[in-house]
Amino acid sequence: MTVRIDDTDRKILAELQRDASQSLDDIAKAVGSSKTPVWNRIRKLRDGGVIGQHTVFLDADALGFEACFFVLIRTSEHDADWQAKFLKALKDRAEVQEAHRLAGDIDYILKVRVKNARAYDVFYQALISEVKVHNVTALLSMEEIKSTTMLPL
């Protein structure tokens with residue numbers, strides 16, 4: 001289903017990206033509309049798949065997850081069985097915040113959030129015990145400079 005999005009929809013989406021917990025009245029005021037039309041537009045955007053699940057962002061450092069690793073994975077396996085097993089292993093691990101299949105020399109990149117290097121090693125050992133990989137390179141992020149989920153509407 002393709003949803004047509006106009007400027008008012010974009011303003012509503014921008015407000016929701018900024019703070020999805022704000023009231024319908026506040027969103028309507030910010031976009032220059034009234035509550036009912038804004039609610040109808042939000043429902044249309046949700047039904048059309050433009051708006052997904054609502055979540056809360058937690059502060060990883062405040063919860064003790066101080067280490068963020070970007071893990072580069074090369075594999076010599078590319079058959080469907082290996083891929084299914086690999087994808088299941090990633091989906092089953094809460095430490096994996098993001099996983100991407102890449103074009104180029106590296107097959108996959110993972111964003112892994114853990115408490116420390118020892119916790120990363122536990123994650124790494126568990127992963128390689130489940131799935132055969134050719135090469136793994138872990139890069140420790142020294143500082144997060146920018147992180148956002150907001151799309152440039």
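Anyway, here's the lowdown on the structure attached to this text. None of these values were measured; they are calculated from a predicted model.

**Things to note about the environment of methionine 150**
Here is step 1 of the chain: Following the sequence through the fold, methionine 150 ends up in the segment after strand S4 (135-140).
Here is step 2 of the chain: Residues contacting methionine 150, with those up to four places away along its chain left out, are Ala14, Gln17 and Arg18.

**Considerations on the pattern of salt bridges**
Here is step 1 of the chain: Applying the stated criterion across every chain, the model contains ten salt bridges.
Here is step 2 of the chain: For aspartate 9, the salt bridge identified is with lysine 44, shortest N-O distance 2.9 Å. Taken as a pair, aspartate 9 in helix H1 (residues 7-18) and lysine 44 in helix H3 (residues 35-47) lie far apart in primary sequence, 35 residues in all.
Here is step 3 of the chain: Using a relative accessible area of 0% as the deciding quantity, one classes aspartate 9 as buried.
Here is step 4 of the chain: Arginine 93 is the salt-bridge partner of glutamate 130, the closest N and O atoms lying 2.5 Å from each other. With glutamate 130 in helix H5 (residues 117-130) and arginine 93 in the loop between helix H4 (80-91) and strand S2 (96-101), the pair connects residues that are 37 residues apart, well separated along the chain.
Here is step 5 of the chain: Residue glutamate 130 is classed as partly exposed on the basis of its relative accessible area of 37%.
Here is step 6 of the chain: Salt bridges linked by common partners bring Asp6, Asp9, Arg41 and Lys44 together as one network.

**Side note on the sheet that holds strand S3 (residues 108-114)**
Here is step 1 of the chain: Across the sheet, four strands lie side by side as S2-S3-S1-S4; this open sheet has antiparallel pairing. Looking at the sheet topology across the chains shown, the edges are occupied by S2 and S4. Along the sheet, successive strands turn relative to each other by an average axial angle of 20°, direction set aside.
Here is step 2 of the chain: As paired elements, S2 and S3 share five bridges and run antiparallel to each other. Its bridge partner lying in S3, arginine 101 is registered against tyrosine 108.
Here is step 3 of the chain: The sheet contacts of H5 involve strand S1 (67-74), S2, S3 and S4, and relative to S3 the element is tilted by about 135°.

**Re helix H2 (residues 24-31)**
Here is step 1 of the chain: Regarding H2, the residues found buried are Ile27, Ala28 and Val31. The arc that holds the buried residues of H2, viewed along the axis, is 100°, so those residues lie on one side.
Here is step 2 of the chain: Looking at the residues trailing H2, positive phi occurs at glycine 32, about 75°.

Criteria and thresholds
- Residues numbered from 1 in each chain as written.
- Predicted model: local features only at pLDDT ≥ 70, side-chain atom pairs only at ≥ 80, totals over all residues.
- Heavy atoms only, no water.
- Helix = DSSP H or I, 4+ residues; strand = E, 2+ residues; numbered from the N terminus.
- Contact = heavy atoms within 4.5 Å.
- Salt bridge = Lys/Arg side-chain N within 4 Å of Asp/Glu carboxyl O.
- Buried < 20%, exposed > 50% of the residue type's maximum accessible area, 1.4 Å probe, protein only.
- Pairing = 2+ DSSP bridges.
- Axes fitted to C-alpha atoms, helices over the stretch in contact; angles between N-to-C directions.
- Arc of directions from axis to C-beta.

Treat this as a map of the structure, not an account of what it does.
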